[in-house]
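# Breakdown of the fold
Spelled out from the first residue to the last, the chains are:
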Amino acid sequence: MTAATTELLTVPEVMARLKLGRSTVYDLIRSRRLVSITIGRSRRIPADAVRDFIVKQIDEAA
């Protein structure tokens, strides 16, 4: 998948996918554990970044 076709998620969509609260998602973004971009005043998280975050968490737990 190229950068041009990467799905961008909103913070509420990431909250739903990860079953986390808003402040936790923003803490992950702030600590750079979850990659995000800013478009205007909106924060967007690539779907690939969410998958990478999950994989990294699983690897660390193993």
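Predicted, not measured: the structure shown is a model, and the values here were computed from it.

Our next topic: the sheet that holds strand E1 (residues 8–9). Taken in spatial order, the three strands of this open sheet run E1-E3-E2, and their pairing is antiparallel. The open sheet is flanked by E1 and strand E2 (37–39), the only strands paired with a single partner. Across three bridges, the pairing between E2 and strand E3 (residues 42–46) is antiparallel. By the bridge assignment, Ile 39 is partnered in E3 with Ser 42.

Each pair of packed helices gets described by two things: the angle between the helix axes and the distance between those axes. Taken N-terminus to C-terminus, the directions of helix H1 (residues 11–18) and helix H2 (residues 22–30) make an angle of 105 degrees; their axes are 9 Å apart at the nearest point. By the angle between their axes, H1 is roughly perpendicular relative to H2. Where H1 abuts H2, its residues Val 11, Val 14 and Met 15 lie against Arg 22, Val 25 and Tyr 26. When its residues are assigned to classes, the contact of H1 with H2 shows five nonpolar, no polar and one charged.

The next thing to look at is unusual backbone geometry. Of note in the backbone geometry, Lys 19 takes a positive phi value of approximately 55 degrees without being a glycine. Along the chain, Lys 19 falls in the loop between H1 and H2. Relative accessible area serves as the criterion here: at 70%, Lys 19 is assigned to the exposed category. One non-glycine residue, Arg 32, adopts positive backbone phi at about 65 degrees.

The rules behind these values
Residues numbered from 1 in each chain as written. Predicted model: local features only at pLDDT ≥ 70, side-chain atom pairs only at ≥ 80, totals over all residues. Heavy atoms only, no water. Pairing = 2+ DSSP bridges. Helix = DSSP H or I, 4+ residues; strand = E, 2+ residues; numbered from the N terminus. Axes fitted to C-alpha atoms, helices over the stretch in contact; angles between N-to-C directions. Parallel < 35°, antiparallel > 145°, perpendicular 65-115°, else oblique. Contact = heavy atoms within 4.5 Å. Nonpolar A, V, L, I, M, F, W, Y, C, P; charged D, E, K, R; others polar. Buried < 20%, exposed > 50% of the residue type's maximum accessible area, 1.4 Å probe, protein only.

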